[in-house]
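Examination of the molecular architecture
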Amino acid sequence: MTVAYKHEPFTDFTVEVDKLAFEAGLKKVESYLGQEYPLIIGGERITTDDKIISINPANKAEVIGRVSKANRDLAEKAMQVADATFQTWRKSKPEMRADILFRAAAIVRRRKHEFSAILVKEAGKPWKEADADTAEAIDFMEYYGRQMLKLKDGMPVESRAIEYNRFSYIPLGVGVIISPWNFPFAIMAGMTTAAVVSGNTVLLKPASTTPVIAAKFIEVLEEAGLPAGVVNYIPGSGAEVGDYLVDHPRTRFISFTGSKEVGIRINERAAKVNPGQIWLKRVIAEMGGKDTIVVDREADLELAAQSIVASAFGFSGQKCSACSRAVIVGDVYDQVLARAVELTKSLPVGSPEEQGTYTGPVIDQSAFNKIMEYVEIGKQEGRLMAGGEGDDAKGYFIQPTIFADVAEDARLMQEEIFGPVVAFCKARNFDHAIDIANNTEYGLTGAVITNNRAHIEKAREDFHVGNLYFNRGCTGAIVGYQPFGGFNMSGTDSKAGGPDYLLLHMQAKTTSETL
Ligand SMILES: NC(=O)c1ccc[n+]([C@@H]2O[C@H](COP(=O)([O-])OP(=O)(O)OC[C@H]3O[C@@H](n4cnc5c(N)ncnc54)[C@H](O)[C@@H]3O)[C@@H](O)[C@H]2O)c1
Ligand SMILES: N[C@@H](CCC=O)C(=O)O
């Protein structure tokens, strides 16, 4: 009997012993920087000449790892291994699969700060953000293990006197897991373990900027007793390996988290039935966001400013849930804007390895260039109130940036920037604010800061996002507490960390025996 699920607590770095433990984690990771990481297919280590060089976005000169890169032939080999392994893994006991997740969670928990330190180095996450990412990875494993134990016997159905009916869940087959770089541990581990605990085998293609944390996670799964061939680690180019596997007739499902553009491409390609394919592929796609915090006139305005700043600039705004639009009812607009600008100017920007840093780098040169282009667009579309500067000499640093008086249909209010840039927009009244909030193609997260009960109820019905928060920021969903996923172009609303997530990786089978 497992203990009841509770989320992993966050580390309090004001406690000296925890601060020292985190510093020790950073030292440990420094001891293996630059190491080589092979592909892992059926447990076999395969080294290729072609490499992905993972670098520290805060210090381009520092190499985190040299990672072998899969091509189509190796992707095909991995598919054949995963397909063959499925025939045994699908019959493994759900209890055993859950136990592997619980053990893997325990291993990560024991080496928690080392994993977080990899995230500091490879993804540029400040300590607190790295700690939350690792905690969420642990949560996914603890939560999905328990969910599988609940689903293993299926659901009750009726039987007549002369029959015995059963309704059970069986796995789908081989899944292709395509994960993003922004929660390179939590989302990668969550997508992978959900598929595996449900009885599927997988090909894991992590994002090319963060393949090392995924390689380290595979080692954990092996230590936890996962048989060879269940998870196959094949980093590689999205266009080459990704397209090949999405199109493959033996791919049964694709679990993708990333941008809208790639999600749409995968969904379209997966819909095509290729020669030799005997099923319709299932697609789980979690995509981008253009997330809004609405501030009402009857509201705690300090809470509003704090929530906007934390949600806009935590991990440099590189969260699909990040607040990139602050929509504020006219009467209180100036006050909230002024306070948010004041808070923003005091945020420490710098190396994420320093404990006090709030805003670290953005992930790479192309992200830096794209965000700086939006800063230039913002100068045409609004009033620059804070930030607006970038420096990519050593790492990819961009100052937290606020634009005021942006029109509701401006590009800054419509397009996902995925960086530390937030647009402020004035609404005539609360209804108008909700209309503006809904005026995007996305529908991921949102928050409303208000003390007006009627307005809370209106937003609950009319603010069309998958994760809606009241009187807090719009980031930081917790596994098992706030299942996460969005509407419209934010994806298939497959709620990660929710009670029905595993079902997306299974199919239901009815058996009826005449007695
Ligand atoms: N909704 C969510 O839960 C959620 C969570 C995290 C990130 N995101 C979104 O992810 C995006 C940022 O992540 P990103 O930059 O890694 O996204 P991305 O779409 O560029 O890449 C995501 C993954 O897709 C792969 N890929 C690229 N082209 C491919 C192709 N043709 N076929 C198959 N795979 C391909 C990449 O290599 C990577 O592994 C943002 O838009 C963000 O909002 C959404
Ligand atoms: N689940 C995270 C966002 C994941 C996407 O980037 C949050 O709730 O902030």
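Residues numbered from 1 in each chain as written. Chains lettered and ligands numbered in written order. Predicted model: local features only at pLDDT ≥ 70, side-chain atom pairs only at ≥ 80, totals over all residues. Heavy atoms only, no water.

Per an unreviewed UniProt entry, the recorded name for the protein is 1-pyrroline-5-carboxylate dehydrogenase, and the organism is Ectobacillus ponti. The protein has a UniProt comment under Sequence similarities (unreviewed entry) that states "Belongs to the aldehyde dehydrogenase family. RocA subfamily." What UniProt records for the protein under Pathway (unreviewed entry) is the sentence "Amino-acid degradation; L-proline degradation into L-glutamate; L-glutamate from L-proline: step 2/2." (UniProt positions renumbered as here; feature names shortened; annotations may be inferred.)

**Considering the UniProt feature "active site" (unreviewed entry) in the protein**
UniProt tags Glu-286 and Cys-320 as "active site" (unreviewed entry). In three dimensions, the annotated residues from a span of 35 residues occupy one location, with a maximal C-alpha spread of 9.3 Å. For the largest cavity, the lining residues among the annotations just cited are Cys-320. If sequence neighbours within four positions are ignored, Glu-286 has contacts with Phe-256, Thr-257, Gly-258, Phe-484, Gly-485, Gly-486, Ser-490, Gly-491, Thr-492, Asp-493 and Ser-494. When you line up the elements, Cys-320 lands in the loop between α10 (301-313) and β13 (323-329). If sequence neighbours within four positions are ignored, Cys-320 has contacts with Asn-182, Met-287, Gly-289, Asp-291, Glu-416, Phe-418, Leu-444 and Phe-484. (1 Å grid on protein atoms, 1.4 Å probe; cavity = no way out; pocket = protein on both sides within 12 Å on 5 of 7 lines; lining within 4 Å. Contact = heavy atoms within 4.5 Å. Helix = DSSP H or I, 4+ residues; strand = E, 2+ residues; numbered from the N terminus.)

**Points about the pairing of strand β10 (residues 251-257)**
For β10, a buried count of seven out of seven residues is recorded, marking the element as mostly surrounded by other parts of the structure. Where strand β7 (residues 174-178) lies against β10, five bridges are found, and the strand directions are parallel. Note that in β10 the partner of Val-174 across the bridge is Thr-251. Looking at chain direction, β10 and strand β11 (residues 282-286) are connected through five bridges and run parallel. Paired with Ser-255 across the two strands is Ile-284, which belongs to β11. (Buried < 20%, exposed > 50% of the residue type's maximum accessible area, 1.4 Å probe, protein only. Pairing = 2+ DSSP bridges.)

**Details of helix α7 (residues 211-223)**
In a regular helix each residue adds 1.5 Å, so 13 residues correspond to 18 Å; α7 covers 19 Å between its end C-alpha atoms and thus fits that length. Burial in α7 covers these residues: Pro-211, Val-212, Ile-213, Ala-214, Ala-215, Lys-216, Phe-217, Ile-218, Val-220 and Leu-221. Just downstream of α7, Gly-225 is the residue with a positive phi angle, here 105°. (Expected span 1.5 Å × (residues − 1).)

**Regarding the packing of helix α8 (residues 238-247) against helix α9 (residues 260-271)**
Running from N to C, α8 and α9 cross one another at 35°; their axes reach a closest spacing of 8 Å. Counted together, Asp-243, Val-246 and Asp-247 of α8 and Arg-265, Ile-266, Arg-269 and Ala-270 of α9 form the full contact between these two elements. (Axes fitted to C-alpha atoms, helices over the stretch in contact; angles between N-to-C directions.)

**Some thoughts on a negative patch on the surface**
Residues Asp-49, Asp-50, Asp-73 and Glu-240 make up a contiguous surface patch of negative charge. Looking at where Asp-49 falls in the secondary structure, it is placed in the loop between β3 (44-46) and β4 (51-56). (Patch = residues over 30% accessible without salt bridge, like charges linked within 9 Å, V, L, I, M, F, W, Y side chains within 5 Å. Areas by Shrake-Rupley, 256 points an atom, 1.4 Å probe, with all protein chains shown as cover. Salt bridge = Lys/Arg side-chain N within 4 Å of Asp/Glu carboxyl O. Lys, Arg positive; Asp, Glu negative; His and termini not counted. Charge placed at Lys NZ, Arg CZ, Asp CG, Glu CD.)

**With respect to the site of ligand 2**
Taken together, Asn-182, Phe-183, Lys-319, Cys-320, Ser-321, Thr-475, Gly-476, Ala-477 and Phe-484 form the complete shell of residues around ligand 2. Cys-320 places a main-chain nitrogen or oxygen 2.8 Å from an oxygen atom of ligand 2. Calculation on ligand 2 without its partners gives an accessible area of 280 Å², and the protein chains cover 96% of this total. In terms of residue class, the shell around ligand 2 is built from four nonpolar, four polar and one charged. (Near = heavy atom within 4 Å. Polar contact = N/O pair within 3.5 Å; in protein donor to acceptor, adjacent residues only side chain to side chain. Nonpolar A, V, L, I, M, F, W, Y, C, P; charged D, E, K, R; others polar.)

**A closer look at the site of ligand 1**
Around ligand 1, the structure places 28 residues, and the nearest of them are Ser-179, Trp-181, Ser-259, Met-287 and Glu-416. Taking Gly-258, its main chain carries an N or O atom lying 3.2 Å from an oxygen atom of ligand 1. In isolation ligand 1 exposes 850 Å². Once the protein is present, 88% of that is buried. Where the shell around ligand 1 is concerned, the elements lending two or more residues are α8, β10 and α9.

**Comments concerning empty space enclosed by the protein**
Taken as a whole and judged by the stated rule, the model has one cavity of 30 Å³ or more. A volume near 80 Å³ is recorded for the largest cavity. The wall of the largest cavity is formed by 15 residues, among which Gly-317, Ala-322, Ser-324, Glu-416 and Phe-418 lie closest to the centre. Per-class residue counts for the lining of the largest cavity are seven nonpolar, four polar and four charged. (Points joined across faces, edges and corners; volume = space filled by probe spheres on them.)

**Let's talk about unusual backbone geometry**
Of note, Phe-315 is a non-glycine position whose phi angle comes to about 45°, a positive value. Mapped onto the elements of the fold, Phe-315 is located in the loop between α10 and β13. Positive phi, normally seen in glycine, also occurs at Asn-488, with a value near 50°. As for its placement among the helices and strands, Asn-488 is situated in the loop between β20 (467-470) and β21 (506-514).

**Here's the deal with the pattern of salt bridges**
For the structure shown, the criterion picks out 34 salt bridges. Lys-260 is the salt-bridge partner of Glu-441, the closest N and O atoms lying 2.8 Å from each other. One end of the pair, Glu-441, is in the loop between α14 (430-438) and β19 (445-449); the other, Lys-260, is in helix α9, with 181 residues separating them in the sequence. With a relative accessible area of 37%, Glu-441 lands in the partly exposed category. For Lys-260, a relative accessible area of 14% translates into the label buried. Residues Lys-379 and Glu-376 are paired through a salt bridge, measuring 3.0 Å at the closest nitrogen-oxygen approach. Of this pair, Lys-379 and Glu-376 are both found in helix α12 (residues 365-381), three residues apart, which corresponds to roughly one turn of the helix. By relative accessible area, which is 37% here, Lys-379 ends up partly exposed. With a relative accessible area of 40%, Glu-376 lands in the partly exposed category.

**Concerning the packing of helix α2 (residues 72-89) against α8**
With their axes 9 Å apart at the nearest point, α2 and α8 run at an angle of 40° to one another. Every pair of crossing elements has a handedness; the one defined by α2 and α8 is right-handed. Every residue of α8 that contacts α2 at Arg-72, Ala-75, Glu-76 and Met-79 is listed here: Glu-240, Val-241, Tyr-244 and Leu-245. When the residues that make up the contact of α2 with α8 are grouped by side-chain class, the tally is five nonpolar, no polar and three charged. (Left-handed = near helix turned anticlockwise from the far one by under 90°.)

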